[in-house]
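Report on the structure
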Amino acid sequence: MNAYLNSYQQNQISTASREQILIMLYDGAIRFTRQAIHAIGEGNISGKVTGIQKAMAIVMEFRNTLDHQIGGEIAANLDALYDYMIRNMLEANLTNEAKPLEVVEGLLCDLRETWTQAIETVREEQKVETKTANGDYKPLNASF
């Protein structure tokens, strides 16, 4: 069964758009953060560490892929936010407190929602541009 799940997940990733992959990564970071919070509640140190490590790896990748040349102030703000999340995850790992992870979870959920809305806005704008471009098209031999 696990082999089928892995195959399905690999297929999903290999056929996904960049935008879909971004949302999948946010989903993963949120899921791993929640797993770490749950593990802290149960006193499961290994589960806490694993969840934090995986969530942190995703957030670090987000941070590493920021383009400060193009992104300007937005990239700088995201960089600071990702740094804050990483520091909270480290604090939670050291103190075994769930509160810093709950803050991270909230930020990740907010960012995921923001990206989802931005992606949808761009798609809607592209649809309007396509309709406008297609609506203005008239063949040379059209008879009216």
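Now for a look at the structure at hand.

Reading the values: rules and limits
- Residues numbered from 1 in each chain as written.
- Predicted model: local features only at pLDDT ≥ 70, side-chain atom pairs only at ≥ 80, totals over all residues.
- Heavy atoms only, no water.
- Core = buried A, V, L, I, M, F, W, Y, C linked by side-chain atoms within 4.5 Å.
- Buried < 20%, exposed > 50% of the residue type's maximum accessible area, 1.4 Å probe, protein only.
- Helix = DSSP H or I, 4+ residues; strand = E, 2+ residues; numbered from the N terminus.
- Salt bridge = Lys/Arg side-chain N within 4 Å of Asp/Glu carboxyl O.
- Expected span 1.5 Å × (residues − 1).
- Bend = angle between axes of the 7 residues up to and from the residue.
- Polar contact = N/O pair within 3.5 Å; in protein donor to acceptor, adjacent residues only side chain to side chain.
- Contact = heavy atoms within 4.5 Å.

Before going further, it helps to spend a moment on the nonpolar core. If you look at the biggest cluster of nonpolar residues, it comprises 25 residues, and the most contacted ones within it are I52, V59, Y82, M85, M89, L101 and L108. At the level of elements, α2 (18-42), α3 (45-64), α4 (68-95) and α5 (99-135) are the ones that each hand at least two residues to this core. With seven residues, α2 is the single largest residue contributor to this core.

Counting across every chain of the model gives five salt bridges. For the salt bridge of E105 with R34, the shortest nitrogen-to-oxygen distance reads 2.4 Å. Pair noted here: E105 is in helix α5 and R34 is in helix α2, with a separation of 71 residues, a long-range link. Its relative accessible area of 18% is what places E105 among the buried residues. By relative accessible area, which is 43% here, R34 ends up partly exposed. With a closest N to O distance of 3.4 Å, D83 and R63 form a salt bridge. With D83 in helix α4 and R63 in helix α3, the pair connects residues that are 20 residues apart, well separated along the chain.

Look at α4: only 33 Å from first C-alpha to last across 28 residues, short of the 40 Å you get at 1.5 Å a residue. The sharpest bend along α4 measures roughly 70 degrees and falls at I74. Buried residues of α4: A75, L78, D79, Y82, M85, I86, N88, M89 and A92, and no others. Its side-chain oxygen 3.0 Å from the backbone nitrogen of Q69, D67 forms the N-cap of α4.

With respect to the helices and strands, the residue D79 is situated in helix α4. A polar side-chain atom of D79 sits 2.6 Å from a polar atom in the side chain of R63. Those residues in contact with D79 that lie beyond four places of it in its chain are R63, L66 and H68.

Geometric descriptors of this kind do not, in isolation, establish any biological role.
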